[in-house]
Amino acid sequence: MIKGDICKMKKISQKTKKTFASVFKSILCILLAAVIVCSCILIFGLPINPSKQGWCIDNNGYDINSPEVERLISVTPSEVQIAIGDMEYYSFIHYGMNTFTCKEWGDGNEDPAQFCPETVDTDQWVKVLKESGSKGIILTAKHHDGFCLWPSAYTEHDIENSPYQNGKGDICRQMAESCKKYDMKLGFYLSPWDMHEETYATDAYNDYFTNQLTELCTNYGEIFSFWFDGARGEDVGDWQYDFDRYYAVIRELQPNAAIALTGPDVRWIGNEAGIVRKSEWSVIPSGSASIEAVMEQSQHSEEDAKRLQKLKDNNSVDNGSRELVEFYPDLIWKQGEADVSIHRGWFYTDEGNAAKMRSAAELEKIYYRTVGGNALLLMNVPPTKDGVIADKDIELLQDFKARIDKKFAEKLSPVVEAVGEDSAVPVDFSADGSYKLSDNENIIRLTFDEKQKISTIVLSEDVTQSQRVEEFKIYAKTAAGYLKIYDGTVIGSKKICLIFPLLAKSAKEFDIVITQSRSNPVIENVEAYA
(Lines give C-alpha, C1' and ligand atoms only; values in the text may rest on other atoms or scores of the structure.)
Protein backbone atom coordinates (compact mmCIF):
# COMPACT_ATOMS: atom_id res chain seq x y z
CA MET A 1 0.00 0.00 0.00
CA ILE A 2 2.69 2.42 0.94
CA LYS A 3 4.64 1.73 -2.30
CA GLY A 4 1.48 2.19 -4.38
CA ASP A 5 0.67 5.48 -2.70
CA ILE A 6 4.20 6.73 -3.28
CA CYS A 7 4.00 5.84 -7.00
CA LYS A 8 0.65 7.59 -7.29
CA MET A 9 2.06 10.68 -5.58
CA LYS A 10 5.07 10.69 -7.93
CA LYS A 11 2.79 10.48 -10.98
CA ILE A 12 0.60 13.31 -9.64
CA SER A 13 3.74 15.36 -8.90
CA GLN A 14 5.11 14.82 -12.43
CA LYS A 15 1.74 15.69 -13.96
CA THR A 16 1.53 18.81 -11.81
CA LYS A 17 5.02 19.86 -12.93
CA LYS A 18 4.13 19.39 -16.61
CA THR A 19 0.91 21.33 -16.15
CA PHE A 20 2.72 24.10 -14.32
CA ALA A 21 5.43 24.25 -17.03
CA SER A 22 2.78 24.42 -19.76
CA VAL A 23 0.85 27.17 -17.96
CA PHE A 24 4.11 29.05 -17.28
CA LYS A 25 5.08 28.90 -20.98
CA SER A 26 1.63 30.14 -21.99
CA ILE A 27 1.89 33.06 -19.57
CA LEU A 28 5.34 33.91 -20.91
CA CYS A 29 4.03 33.87 -24.50
CA ILE A 30 1.12 36.12 -23.54
CA LEU A 31 3.45 38.52 -21.72
CA LEU A 32 5.87 38.56 -24.69
CA ALA A 33 3.02 39.27 -27.09
CA ALA A 34 1.78 42.03 -24.79
CA VAL A 35 5.27 43.57 -24.65
CA ILE A 36 5.54 43.49 -28.46
CA VAL A 37 2.10 45.03 -28.90
CA CYS A 38 2.78 47.72 -26.29
CA SER A 39 6.16 48.46 -27.90
CA CYS A 40 4.51 48.83 -31.30
CA ILE A 41 1.90 51.18 -29.82
CA LEU A 42 4.61 53.24 -28.13
CA ILE A 43 6.67 53.44 -31.33
CA PHE A 44 3.94 53.68 -33.96
CA GLY A 45 0.96 54.91 -31.95
CA LEU A 46 -2.72 54.02 -32.08
CA PRO A 47 -4.77 54.34 -35.29
CA ILE A 48 -5.64 57.94 -36.21
CA ASN A 49 -8.56 59.39 -38.14
CA PRO A 50 -7.25 62.18 -40.42
CA SER A 51 -10.77 62.95 -41.69
CA LYS A 52 -11.51 64.31 -38.20
CA GLN A 53 -8.15 65.67 -37.01
CA GLY A 54 -6.18 66.04 -40.25
CA TRP A 55 -2.68 64.75 -41.01
CA CYS A 56 -1.13 67.70 -39.16
CA ILE A 57 1.27 68.53 -41.99
CA ASP A 58 3.34 71.56 -41.03
CA ASN A 59 6.73 70.35 -42.35
CA ASN A 60 7.75 69.92 -38.70
CA GLY A 61 8.07 73.68 -38.42
CA TYR A 62 10.74 73.94 -41.15
CA ASP A 63 10.49 76.16 -44.23
CA ILE A 64 9.36 74.21 -47.25
CA ASN A 65 10.44 77.02 -49.56
CA SER A 66 13.05 79.66 -48.78
CA PRO A 67 16.41 80.91 -50.10
CA GLU A 68 18.13 78.34 -47.87
CA VAL A 69 15.95 75.56 -49.25
CA GLU A 70 16.76 76.68 -52.79
CA ARG A 71 20.45 76.52 -51.91
CA LEU A 72 20.06 72.95 -50.67
CA ILE A 73 18.09 71.61 -53.63
CA SER A 74 20.41 73.28 -56.13
CA VAL A 75 22.99 70.58 -55.27
CA THR A 76 22.51 67.72 -57.75
CA PRO A 77 24.59 64.78 -59.03
CA SER A 78 26.71 64.77 -62.19
CA GLU A 79 26.05 62.29 -65.01
CA VAL A 80 28.95 60.17 -63.71
CA GLN A 81 27.43 60.12 -60.21
CA ILE A 82 23.99 59.22 -61.56
CA ALA A 83 25.47 56.32 -63.55
CA ILE A 84 27.26 54.72 -60.62
CA GLY A 85 24.30 55.43 -58.33
CA ASP A 86 22.07 53.42 -60.67
CA MET A 87 24.37 50.40 -60.24
CA GLU A 88 23.50 50.12 -56.52
CA TYR A 89 25.47 46.90 -55.88
CA TYR A 90 28.83 45.96 -57.39
CA SER A 91 31.79 43.81 -56.39
CA PHE A 92 35.34 44.07 -55.11
CA ILE A 93 37.94 41.42 -55.95
CA HIS A 94 41.04 41.37 -53.74
CA TYR A 95 43.54 39.12 -55.49
CA GLY A 96 47.30 39.43 -55.70
CA MET A 97 50.52 38.77 -53.85
CA ASN A 98 48.73 38.62 -50.47
CA THR A 99 46.65 35.69 -51.73
CA PHE A 100 49.85 33.63 -51.95
CA THR A 101 51.61 34.90 -48.83
CA CYS A 102 48.41 34.42 -46.76
CA LYS A 103 48.62 37.99 -45.47
CA GLU A 104 46.13 40.84 -45.38
CA TRP A 105 48.97 43.33 -45.75
CA GLY A 106 52.24 42.75 -47.56
CA ASP A 107 55.35 44.85 -47.01
CA GLY A 108 56.70 45.27 -50.54
CA ASN A 109 59.62 42.92 -50.00
CA GLU A 110 57.93 39.93 -51.63
CA ASP A 111 59.50 38.19 -54.62
CA PRO A 112 57.33 38.25 -57.79
CA ALA A 113 58.06 34.52 -58.02
CA GLN A 114 55.76 34.04 -55.00
CA PHE A 115 52.79 34.94 -57.19
CA CYS A 116 52.36 31.55 -58.83
CA PRO A 117 48.82 30.53 -59.80
CA GLU A 118 48.63 27.76 -62.41
CA THR A 119 45.40 29.20 -63.82
CA VAL A 120 43.20 32.22 -63.14
CA ASP A 121 39.57 31.77 -64.23
CA THR A 122 38.30 35.35 -64.53
CA ASP A 123 35.30 34.08 -66.53
CA GLN A 124 34.20 32.18 -63.45
CA TRP A 125 34.71 35.25 -61.24
CA VAL A 126 32.57 37.47 -63.44
CA LYS A 127 29.85 34.86 -64.03
CA VAL A 128 29.49 34.08 -60.31
CA LEU A 129 29.35 37.75 -59.32
CA LYS A 130 26.86 38.66 -62.05
CA GLU A 131 24.59 35.83 -60.92
CA SER A 132 24.67 37.31 -57.39
CA GLY A 133 23.09 40.52 -58.74
CA SER A 134 26.29 42.55 -59.02
CA LYS A 135 26.53 45.13 -61.82
CA GLY A 136 30.32 45.53 -61.97
CA ILE A 137 33.69 44.54 -60.52
CA ILE A 138 36.57 46.58 -59.08
CA LEU A 139 39.84 44.63 -59.23
CA THR A 140 42.82 45.31 -56.96
CA ALA A 141 45.26 46.03 -59.78
CA LYS A 142 47.81 47.03 -57.12
CA HIS A 143 47.58 46.80 -53.33
CA HIS A 144 49.78 48.47 -50.71
CA ASP A 145 52.63 45.98 -51.32
CA GLY A 146 53.09 47.46 -54.81
CA PHE A 147 52.79 44.22 -56.84
CA CYS A 148 50.99 44.89 -60.14
CA LEU A 149 48.56 42.46 -61.79
CA TRP A 150 49.43 43.88 -65.19
CA PRO A 151 52.83 44.16 -66.95
CA SER A 152 53.75 47.74 -66.06
CA ALA A 153 56.53 49.49 -67.98
CA TYR A 154 57.47 51.36 -64.79
CA THR A 155 58.34 48.57 -62.33
CA GLU A 156 59.84 45.11 -62.17
CA HIS A 157 57.56 44.27 -59.24
CA ASP A 158 54.77 42.96 -61.44
CA ILE A 159 53.13 39.94 -63.04
CA GLU A 160 55.62 39.99 -65.92
CA ASN A 161 58.32 38.80 -63.53
CA SER A 162 56.18 36.06 -62.00
CA PRO A 163 55.82 32.42 -63.16
CA TYR A 164 52.20 33.03 -64.22
CA GLN A 165 51.87 32.23 -67.93
CA ASN A 166 55.67 32.31 -68.14
CA GLY A 167 55.70 36.05 -67.57
CA LYS A 168 53.15 36.74 -70.32
CA GLY A 169 50.15 37.07 -68.05
CA ASP A 170 47.94 40.12 -67.56
CA ILE A 171 45.05 39.62 -65.15
CA CYS A 172 43.76 43.15 -65.77
CA ARG A 173 43.35 42.21 -69.43
CA GLN A 174 41.73 38.91 -68.54
CA MET A 175 39.24 40.78 -66.37
CA ALA A 176 38.50 43.29 -69.12
CA GLU A 177 37.78 40.46 -71.59
CA SER A 178 35.62 38.53 -69.11
CA CYS A 179 33.63 41.63 -68.15
CA LYS A 180 32.99 42.35 -71.82
CA LYS A 181 31.93 38.74 -72.39
CA TYR A 182 29.37 38.83 -69.55
CA ASP A 183 28.30 42.47 -69.98
CA MET A 184 29.71 43.61 -66.64
CA LYS A 185 31.43 46.90 -65.86
CA LEU A 186 35.11 46.96 -64.87
CA GLY A 187 36.86 49.16 -62.33
CA PHE A 188 40.32 49.29 -60.76
CA TYR A 189 41.69 49.81 -57.27
CA LEU A 190 45.16 51.30 -57.61
CA SER A 191 46.67 51.78 -54.17
CA PRO A 192 48.34 55.18 -53.78
CA TRP A 193 50.45 53.67 -51.00
CA ASP A 194 53.26 51.58 -52.51
CA MET A 195 55.59 49.90 -50.01
CA HIS A 196 57.87 48.55 -52.74
CA GLU A 197 58.53 51.62 -54.89
CA GLU A 198 61.75 53.42 -53.90
CA THR A 199 60.47 56.83 -55.02
CA TYR A 200 57.48 56.68 -52.64
CA ALA A 201 56.98 59.92 -50.65
CA THR A 202 58.90 62.01 -53.22
CA ASP A 203 57.75 64.14 -56.14
CA ALA A 204 59.05 61.44 -58.47
CA TYR A 205 56.47 59.03 -57.04
CA ASN A 206 53.62 61.23 -58.26
CA ASP A 207 55.10 60.83 -61.77
CA TYR A 208 55.36 57.07 -61.22
CA PHE A 209 51.78 56.77 -60.01
CA THR A 210 50.45 58.94 -62.85
CA ASN A 211 52.25 56.76 -65.37
CA GLN A 212 50.75 53.57 -63.95
CA LEU A 213 47.32 55.17 -63.81
CA THR A 214 47.67 56.13 -67.47
CA GLU A 215 48.43 52.50 -68.34
CA LEU A 216 45.19 51.38 -66.69
CA CYS A 217 43.23 54.18 -68.33
CA THR A 218 44.39 53.41 -71.86
CA ASN A 219 44.81 49.63 -72.19
CA TYR A 220 41.67 48.00 -70.79
CA GLY A 221 38.61 49.57 -72.37
CA GLU A 222 36.02 51.64 -70.54
CA ILE A 223 36.40 51.81 -66.77
CA PHE A 224 33.40 52.60 -64.55
CA SER A 225 35.31 53.41 -61.35
CA PHE A 226 38.77 54.16 -60.03
CA TRP A 227 39.01 53.47 -56.31
CA PHE A 228 41.57 55.33 -54.19
CA ASP A 229 41.75 55.04 -50.43
CA GLY A 230 43.69 57.42 -48.23
CA ALA A 231 46.19 54.92 -46.83
CA ARG A 232 49.82 56.05 -46.74
CA GLY A 233 53.07 55.37 -44.91
CA GLU A 234 53.71 56.82 -41.47
CA ASP A 235 57.13 58.35 -42.17
CA VAL A 236 56.28 60.63 -45.07
CA GLY A 237 56.48 64.02 -43.38
CA ASP A 238 54.54 66.75 -45.19
CA TRP A 239 54.63 64.98 -48.54
CA GLN A 240 51.25 64.58 -50.25
CA TYR A 241 49.76 62.55 -53.08
CA ASP A 242 49.05 64.75 -56.11
CA PHE A 243 45.40 63.73 -56.29
CA ASP A 244 44.40 66.69 -58.48
CA ARG A 245 46.83 65.46 -61.11
CA TYR A 246 45.57 61.87 -60.81
CA TYR A 247 41.97 63.02 -61.23
CA ALA A 248 42.83 65.15 -64.26
CA VAL A 249 44.29 62.09 -65.99
CA ILE A 250 41.11 60.10 -65.35
CA ARG A 251 38.83 62.91 -66.49
CA GLU A 252 40.80 63.19 -69.73
CA LEU A 253 41.22 59.50 -70.52
CA GLN A 254 38.17 57.94 -68.82
CA PRO A 255 35.58 60.73 -68.57
CA ASN A 256 32.76 58.33 -67.60
CA ALA A 257 34.64 56.79 -64.66
CA ALA A 258 33.60 57.62 -61.11
CA ILE A 259 36.49 58.48 -58.79
CA ALA A 260 35.74 56.98 -55.39
CA LEU A 261 36.63 57.69 -51.77
CA THR A 262 39.32 60.35 -51.89
CA GLY A 263 37.86 61.36 -55.26
CA PRO A 264 35.05 63.81 -56.03
CA ASP A 265 32.30 61.37 -57.07
CA VAL A 266 31.69 58.76 -54.34
CA ARG A 267 32.44 59.01 -50.62
CA TRP A 268 33.40 56.33 -48.14
CA ILE A 269 30.66 55.44 -45.66
CA GLY A 270 33.19 55.46 -42.80
CA ASN A 271 33.57 51.76 -41.88
CA GLU A 272 34.01 48.33 -43.43
CA ALA A 273 31.09 46.64 -41.67
CA GLY A 274 28.22 47.72 -43.95
CA ILE A 275 26.84 50.19 -41.40
CA VAL A 276 25.05 53.31 -42.66
CA ARG A 277 23.36 56.22 -40.95
CA LYS A 278 19.64 56.33 -40.24
CA SER A 279 19.55 59.42 -42.47
CA GLU A 280 22.18 59.00 -45.19
CA TRP A 281 22.45 62.28 -47.06
CA SER A 282 24.07 62.78 -50.47
CA VAL A 283 23.95 66.59 -50.13
CA ILE A 284 26.75 67.23 -47.65
CA PRO A 285 29.32 69.84 -46.59
CA SER A 286 32.30 69.67 -48.94
CA GLY A 287 34.82 69.44 -46.10
CA SER A 288 33.27 66.30 -44.60
CA ALA A 289 34.23 64.27 -47.69
CA SER A 290 37.49 66.01 -48.49
CA ILE A 291 40.72 64.17 -49.29
CA GLU A 292 42.06 65.12 -45.86
CA ALA A 293 38.98 63.78 -44.08
CA VAL A 294 39.08 60.47 -45.95
CA MET A 295 42.81 60.05 -45.34
CA GLU A 296 42.39 60.71 -41.63
CA GLN A 297 39.72 58.00 -41.33
CA SER A 298 41.43 55.48 -43.61
CA GLN A 299 43.46 52.45 -42.55
CA HIS A 300 47.16 53.10 -42.05
CA SER A 301 47.97 49.71 -40.53
CA GLU A 302 46.57 46.20 -40.35
CA GLU A 303 45.18 47.03 -36.88
CA ASP A 304 43.22 49.93 -38.39
CA ALA A 305 41.78 47.58 -41.00
CA LYS A 306 40.53 45.19 -38.30
CA ARG A 307 39.00 48.07 -36.32
CA LEU A 308 37.06 49.36 -39.34
CA GLN A 309 35.45 45.95 -39.87
CA LYS A 310 34.29 45.77 -36.24
CA LEU A 311 32.50 49.13 -36.04
CA LYS A 312 28.88 48.69 -34.95
CA ASP A 313 27.62 52.17 -35.80
CA ASN A 314 28.68 55.08 -37.95
CA ASN A 315 31.20 57.61 -36.66
CA SER A 316 29.06 60.64 -37.49
CA VAL A 317 25.30 60.29 -36.99
CA ASP A 318 24.44 63.51 -38.83
CA ASN A 319 26.03 64.17 -42.21
CA GLY A 320 23.51 66.45 -43.92
CA SER A 321 20.63 67.76 -41.79
CA ARG A 322 19.53 71.40 -42.08
CA GLU A 323 21.00 72.12 -38.67
CA LEU A 324 24.38 70.89 -39.87
CA VAL A 325 24.61 72.28 -43.40
CA GLU A 326 23.44 75.81 -42.56
CA PHE A 327 26.94 76.52 -41.22
CA TYR A 328 28.67 75.40 -44.42
CA PRO A 329 28.66 77.68 -47.48
CA ASP A 330 30.02 74.96 -49.81
CA LEU A 331 27.86 71.90 -50.38
CA ILE A 332 28.46 68.98 -52.74
CA TRP A 333 26.66 65.88 -53.99
CA LYS A 334 28.49 62.75 -52.90
CA GLN A 335 26.65 59.48 -52.33
CA GLY A 336 28.05 57.09 -49.74
CA GLU A 337 29.59 53.71 -50.60
CA ALA A 338 29.87 50.85 -48.11
CA ASP A 339 32.73 48.42 -48.76
CA VAL A 340 32.40 45.09 -46.96
CA SER A 341 33.94 41.63 -47.41
CA ILE A 342 32.09 38.31 -47.34
CA HIS A 343 35.02 37.04 -45.25
CA ARG A 344 36.46 38.76 -42.20
CA GLY A 345 39.57 39.31 -44.29
CA TRP A 346 39.88 40.94 -47.71
CA PHE A 347 42.22 38.38 -49.31
CA TYR A 348 41.35 34.69 -49.38
CA THR A 349 42.76 32.43 -46.69
CA ASP A 350 41.70 29.26 -44.89
CA GLU A 351 43.53 30.26 -41.73
CA GLY A 352 42.73 32.41 -38.70
CA ASN A 353 40.08 35.05 -38.13
CA ALA A 354 40.36 36.37 -41.71
CA ALA A 355 38.91 33.07 -42.97
CA LYS A 356 35.65 33.49 -41.05
CA MET A 357 32.66 34.05 -43.31
CA ARG A 358 29.63 36.23 -42.96
CA SER A 359 26.30 34.45 -43.19
CA ALA A 360 23.82 34.94 -46.03
CA ALA A 361 21.39 36.43 -43.51
CA GLU A 362 24.02 39.00 -42.50
CA LEU A 363 24.73 39.90 -46.13
CA GLU A 364 20.99 40.25 -46.75
CA LYS A 365 20.69 42.74 -43.88
CA ILE A 366 23.69 44.67 -45.19
CA TYR A 367 22.00 44.88 -48.61
CA TYR A 368 18.81 46.33 -47.13
CA ARG A 369 20.79 48.79 -44.98
CA THR A 370 23.01 50.03 -47.81
CA VAL A 371 21.20 49.76 -51.14
CA GLY A 372 17.96 50.31 -49.24
CA GLY A 373 19.38 53.24 -47.29
CA ASN A 374 20.56 55.60 -50.08
CA ALA A 375 24.05 54.08 -50.24
CA LEU A 376 26.08 51.97 -52.66
CA LEU A 377 27.19 48.44 -51.77
CA LEU A 378 30.71 47.32 -52.75
CA MET A 379 30.98 43.67 -51.66
CA ASN A 380 34.34 41.90 -51.70
CA VAL A 381 34.64 38.29 -52.89
CA PRO A 382 38.26 37.06 -52.79
CA PRO A 383 39.39 34.27 -55.16
CA THR A 384 41.61 31.41 -53.94
CA LYS A 385 45.21 30.53 -54.82
CA ASP A 386 43.73 28.24 -57.47
CA GLY A 387 42.41 31.30 -59.29
CA VAL A 388 38.72 30.60 -58.69
CA ILE A 389 35.99 31.68 -56.29
CA ALA A 390 35.65 28.90 -53.72
CA ASP A 391 32.60 26.63 -53.79
CA LYS A 392 31.58 27.65 -50.27
CA ASP A 393 31.65 31.32 -51.34
CA ILE A 394 29.56 30.54 -54.42
CA GLU A 395 27.00 28.81 -52.21
CA LEU A 396 26.98 31.81 -49.87
CA LEU A 397 26.36 34.22 -52.76
CA GLN A 398 23.61 31.99 -54.15
CA ASP A 399 21.89 31.92 -50.76
CA PHE A 400 22.25 35.71 -50.49
CA LYS A 401 20.73 36.21 -53.96
CA ALA A 402 17.89 33.78 -53.23
CA ARG A 403 16.98 35.72 -50.09
CA ILE A 404 16.87 39.02 -51.98
CA ASP A 405 14.85 37.47 -54.81
CA LYS A 406 12.37 35.98 -52.34
CA LYS A 407 11.84 39.36 -50.69
CA PHE A 408 10.95 40.94 -54.05
CA ALA A 409 9.29 37.92 -55.67
CA GLU A 410 5.67 39.09 -55.52
CA LYS A 411 5.38 42.59 -56.88
CA LEU A 412 1.95 44.15 -56.41
CA SER A 413 0.06 46.42 -58.79
CA PRO A 414 -1.87 49.01 -56.78
CA VAL A 415 -3.50 52.12 -58.15
CA VAL A 416 -1.12 54.96 -57.28
CA GLU A 417 -2.34 58.49 -56.63
CA ALA A 418 -0.83 61.74 -55.43
CA VAL A 419 -3.30 63.00 -52.83
CA GLY A 420 -3.91 66.55 -51.66
CA GLU A 421 -6.50 68.20 -49.47
CA ASP A 422 -9.24 68.00 -52.10
CA SER A 423 -7.59 66.10 -54.94
CA ALA A 424 -6.27 62.72 -56.04
CA VAL A 425 -4.15 62.58 -59.20
CA PRO A 426 -3.36 59.18 -60.81
CA VAL A 427 0.39 58.56 -61.14
CA ASP A 428 2.04 56.04 -63.49
CA PHE A 429 5.77 56.10 -62.85
CA SER A 430 6.56 53.53 -65.55
CA ALA A 431 4.82 55.58 -68.23
CA ASP A 432 5.28 59.16 -67.05
CA GLY A 433 8.57 59.05 -65.14
CA SER A 434 8.99 61.02 -61.94
CA TYR A 435 6.19 63.00 -60.31
CA LYS A 436 6.58 66.31 -58.50
CA LEU A 437 4.04 66.75 -55.73
CA SER A 438 2.15 70.04 -55.90
CA ASP A 439 1.97 72.50 -53.02
CA ASN A 440 -1.13 70.87 -51.53
CA GLU A 441 -0.10 67.25 -52.15
CA ASN A 442 1.76 65.37 -49.46
CA ILE A 443 0.49 61.79 -49.80
CA ILE A 444 1.27 58.97 -52.22
CA ARG A 445 -1.69 56.59 -51.90
CA LEU A 446 -1.65 52.90 -52.87
CA THR A 447 -5.10 51.37 -53.37
CA PHE A 448 -6.10 47.75 -54.02
CA ASP A 449 -9.41 46.18 -55.11
CA GLU A 450 -9.17 43.64 -52.30
CA LYS A 451 -7.43 43.68 -48.94
CA GLN A 452 -3.71 43.14 -49.38
CA LYS A 453 -0.87 42.54 -46.93
CA ILE A 454 2.34 44.41 -47.79
CA SER A 455 5.74 43.35 -46.42
CA THR A 456 7.97 45.79 -48.31
CA ILE A 457 7.63 49.21 -49.94
CA VAL A 458 10.45 50.63 -52.06
CA LEU A 459 10.65 54.39 -52.63
CA SER A 460 12.94 56.43 -54.90
CA GLU A 461 13.38 60.14 -55.43
CA ASP A 462 14.37 61.72 -58.73
CA VAL A 463 17.84 62.70 -57.57
CA THR A 464 18.40 64.83 -60.67
CA GLN A 465 16.21 67.26 -58.69
CA SER A 466 18.37 66.78 -55.58
CA GLN A 467 17.52 64.93 -52.37
CA ARG A 468 14.42 66.51 -50.86
CA VAL A 469 12.47 64.20 -48.54
CA GLU A 470 13.54 64.53 -44.89
CA GLU A 471 10.80 62.49 -43.18
CA PHE A 472 7.88 60.27 -44.14
CA LYS A 473 5.47 57.81 -42.54
CA ILE A 474 3.44 54.93 -43.96
CA TYR A 475 -0.11 54.19 -42.79
CA ALA A 476 -2.49 51.29 -43.43
CA LYS A 477 -6.20 52.13 -43.46
CA THR A 478 -7.98 49.85 -40.98
CA ALA A 479 -11.52 49.73 -39.58
CA ALA A 480 -10.26 51.64 -36.53
CA GLY A 481 -8.52 54.33 -38.61
CA TYR A 482 -5.08 54.80 -40.15
CA LEU A 483 -2.45 52.67 -38.40
CA LYS A 484 1.17 53.78 -38.76
CA ILE A 485 3.26 50.85 -39.97
CA TYR A 486 6.57 52.58 -40.82
CA ASP A 487 8.58 55.62 -39.75
CA GLY A 488 11.16 56.88 -42.25
CA THR A 489 13.56 59.76 -42.69
CA VAL A 490 15.41 60.36 -45.98
CA ILE A 491 14.68 58.54 -49.25
CA GLY A 492 17.26 59.57 -51.86
CA SER A 493 18.13 57.06 -54.61
CA LYS A 494 16.35 54.20 -52.87
CA LYS A 495 14.65 53.46 -49.57
CA ILE A 496 13.64 49.87 -48.84
CA CYS A 497 10.94 49.96 -46.17
CA LEU A 498 10.69 46.57 -44.44
CA ILE A 499 7.37 46.45 -42.62
CA PHE A 500 7.54 44.81 -39.18
CA PRO A 501 5.53 41.53 -39.54
CA LEU A 502 3.19 42.35 -36.63
CA LEU A 503 2.29 45.62 -38.39
CA ALA A 504 1.89 44.17 -41.91
CA LYS A 505 -1.89 44.57 -41.85
CA SER A 506 -4.20 43.54 -44.65
CA ALA A 507 -5.76 46.68 -46.07
CA LYS A 508 -7.13 48.13 -49.29
CA GLU A 509 -5.35 51.47 -48.81
CA PHE A 510 -1.84 52.46 -47.79
CA ASP A 511 -0.75 56.09 -47.48
CA ILE A 512 2.85 57.27 -47.75
CA VAL A 513 2.70 60.63 -45.98
CA ILE A 514 5.63 62.98 -46.54
CA THR A 515 5.84 64.99 -43.33
CA GLN A 516 8.99 67.01 -44.01
CA SER A 517 10.81 67.98 -47.20
CA ARG A 518 13.00 70.57 -48.83
CA SER A 519 10.57 72.12 -51.32
CA ASN A 520 8.14 69.90 -53.23
CA PRO A 521 9.24 66.24 -53.31
CA VAL A 522 9.97 64.69 -56.70
CA ILE A 523 9.21 60.96 -56.52
CA GLU A 524 10.67 58.69 -59.21
CA ASN A 525 9.17 55.37 -58.23
CA VAL A 526 7.05 53.53 -55.66
CA GLU A 527 6.87 49.73 -55.53
CA ALA A 528 5.01 47.41 -53.16
CA TYR A 529 5.66 43.73 -52.45
CA ALA A 530 3.59 41.11 -50.65
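Every value quoted in this text rests on a predicted model; they were computed, and no experiment measured them.

Caption draft 1: Quick peek at the overall build of the protein. When helices and strands are counted, the protein shows 15 helices and 20 strands. Among the 530 residues that make up the protein, the fraction classed as buried is 55%. Within the protein, counting contacts between residues at least 6 apart in sequence, those at least 24 apart form 78% of the total. A total accessible area of about 24,300 Å² is found for the protein, and carbon and sulfur atoms account for 52% of it.

Caption draft 2: Focus on the pairing of strand β14 (residues 441-453). In this structure, strand β11 (residues 415-420) lies alongside β14, joined through six bridges in antiparallel fashion. Looking at the pairing, A418 lines up with I444 of β14. As paired strands, β14 and strand β19 (residues 506-517) are joined by seven bridges and run antiparallel to one another. Bridge assignment links T447 to a residue of β19, and that residue is E509.

Caption draft 3: Summary view of the packing of helix α6 (residues 122-131) against helix α14 (residues 391-407). Close contact between α6 and α14 brings their axes to 9 Å; oriented N to C, the two are set at 25 degrees. When the interaxial angle is binned, α6 and α14 end up roughly parallel. Two secondary-structure elements touch here, α6 through Q124, V128, L129 and E131 and α14 through I394, L397 and K401. Here the residues of the contact of α6 with α14 are counted per class, giving four nonpolar, one polar and two charged.

Caption draft 4: Focus on the side chain of S517. Summarising the element assignment, S517 is placed in strand β19. A distance of 2.7 Å separates the side chain of S517 from the backbone oxygen of S519, its partner in a polar contact. Setting aside anything within four residues of it in sequence, one finds S517 in contact with N59, D63, I64, R322, R468, V469 and E470.

Caption draft 5: Quick peek at the sheet that holds β14. One open sheet accounts for six strands, arranged β12-β11-β14-β19-β16-β17; its pairing is antiparallel. With one partner strand each, in any of the chains shown, β12 (424-426) and β17 (481-488) form the two edges of the open sheet. Taken pair by pair, the neighbouring strands of this sheet meet at an average axis angle of 30 degrees, ignoring direction.

Caption draft 6: How the structure looks around the nonpolar core. Counting residues in hydrophobic clusters, the biggest one holds 73 residues, and the most contacted among them are F115, I171, F188, F226 and F228. No other element matches helix α8 (residues 203-219), which puts six residues into this core. Every residue in contact with F115, bar those within four places of it in the chain, is listed here: Y95, G96, M97, F100, F147, L149, I159, S162, P163, Y164 and I171. Of all hydrophobic cores here, the second largest spans 32 residues; its members include Y435, I444, L459 and C497.

Caption draft 7: The arrangement of the side chain of S321 in detail. Relative to the helices and strands, S321 is located in the loop between α11 (302-310) and α12 (322-325). A residue is classified by how much of its surface remains accessible, and S321, at 15% relative accessible area, is buried. Separated by 2.5 Å, the side chains of S321 and D318 make a polar contact.

Caption draft 8: Examining the pattern of salt bridges more closely. Counting across every chain of the model gives 25 salt bridges. We note a salt bridge from K181 to D123, for which the minimum N-O separation is 2.8 Å. Here K181, found in helix α7 (residues 171-181), pairs with D123, found in helix α6; they are 58 residues apart in sequence, far enough to count as distant. When its relative accessible area of 24% is taken as the criterion, D123 is described as partly exposed. Its salt-bridge partner being D350, residue K392 comes within 3.7 Å of it at the nearest N-O pair. One end of the pair, K392, is in helix α14; the other, D350, is in the loop between β9 (335-341) and α13 (360-370), and 42 residues separate them in sequence. A relative accessible area of 58% places D350 in the exposed class. Counted as one network, the salt bridges with shared partners bring together R445, K477, E509 and D511.

Caption draft 9: Spatial organisation of α8. Helix length check: α8 (17 residues) gives 25 Å between terminal C-alpha atoms against 24 Å at 1.5 Å per residue, within 8%. Within the span of α8, buried status applies to Y205, N206, Y208, F209, T210, Q212, L213, E215, L216 and C217. Those residues of α8 hidden inside the fold are in contact with β2 (136-142), α7, β3 (185-190), β4 (225-228) and α9 (243-253). Positioned one or two residues after α8, G221 has a phi angle of 75 degrees, which is positive.

Caption draft 10: Structural view of the sheet that holds strand β18 (residues 495-498). Strand order across the open sheet formed by four strands is β13-β20-β15-β18, with antiparallel pairing between neighbours. The open sheet is flanked by β13 (435-436) and β18, the only strands paired with a single partner. When β13 meets strand β20 (residues 522-529), the two strands line up antiparallel, connected through two bridges. When the bridges of β20 are listed, K436 appears paired with V522.

Caption draft 11: Spatial organisation of the packing of aromatic side chains. For the structure on display, the rule yields 34 aromatic pairs. Ring centres of Y90 and F224 lie 5.4 Å apart, and the angle between their planes is 80 degrees; this geometry places the pair in the edge-to-face category. Here Y90, found in strand β1 (residues 89-93), pairs with F224, found in the loop between α8 and β4; they are 134 residues apart in sequence, far enough to count as distant. Both residues of the pair, Y90 and F224, belong to the buried class. Members of the aromatic cluster, joined through ring pairs, are Y200, Y205, Y208, F209, F228, W239, Y241, F243, Y246 and Y247. Over the face of the ring belonging to W281 we find R518, whose NZ or CZ atom lies 3.8 Å from the ring centre.

Rules behind the numbers
- Residues numbered from 1 in each chain as written.
- Predicted model: local features only at pLDDT ≥ 70, side-chain atom pairs only at ≥ 80, totals over all residues.
- Heavy atoms only, no water.
- Helix = DSSP H or I, 4+ residues; strand = E, 2+ residues; numbered from the N terminus.
- Buried < 20%, exposed > 50% of the residue type's maximum accessible area, 1.4 Å probe, protein only.
- Contact = heavy atoms within 4.5 Å.
- Areas by Shrake-Rupley, 256 points an atom, 1.4 Å probe, with all protein chains shown as cover.
- Pairing = 2+ DSSP bridges.
- Axes fitted to C-alpha atoms, helices over the stretch in contact; angles between N-to-C directions.
- Parallel < 35°, antiparallel > 145°, perpendicular 65-115°, else oblique.
- Nonpolar A, V, L, I, M, F, W, Y, C, P; charged D, E, K, R; others polar.
- Polar contact = N/O pair within 3.5 Å; in protein donor to acceptor, adjacent residues only side chain to side chain.
- Core = buried A, V, L, I, M, F, W, Y, C linked by side-chain atoms within 4.5 Å.
- Salt bridge = Lys/Arg side-chain N within 4 Å of Asp/Glu carboxyl O.
- Expected span 1.5 Å × (residues − 1).
- Phe/Tyr/Trp six-rings, centres within 6.5 Å; stacked < 30°, edge-to-face > 60°.
- Lys NZ or Arg CZ within 6 Å of the ring centre and 35° of its normal.

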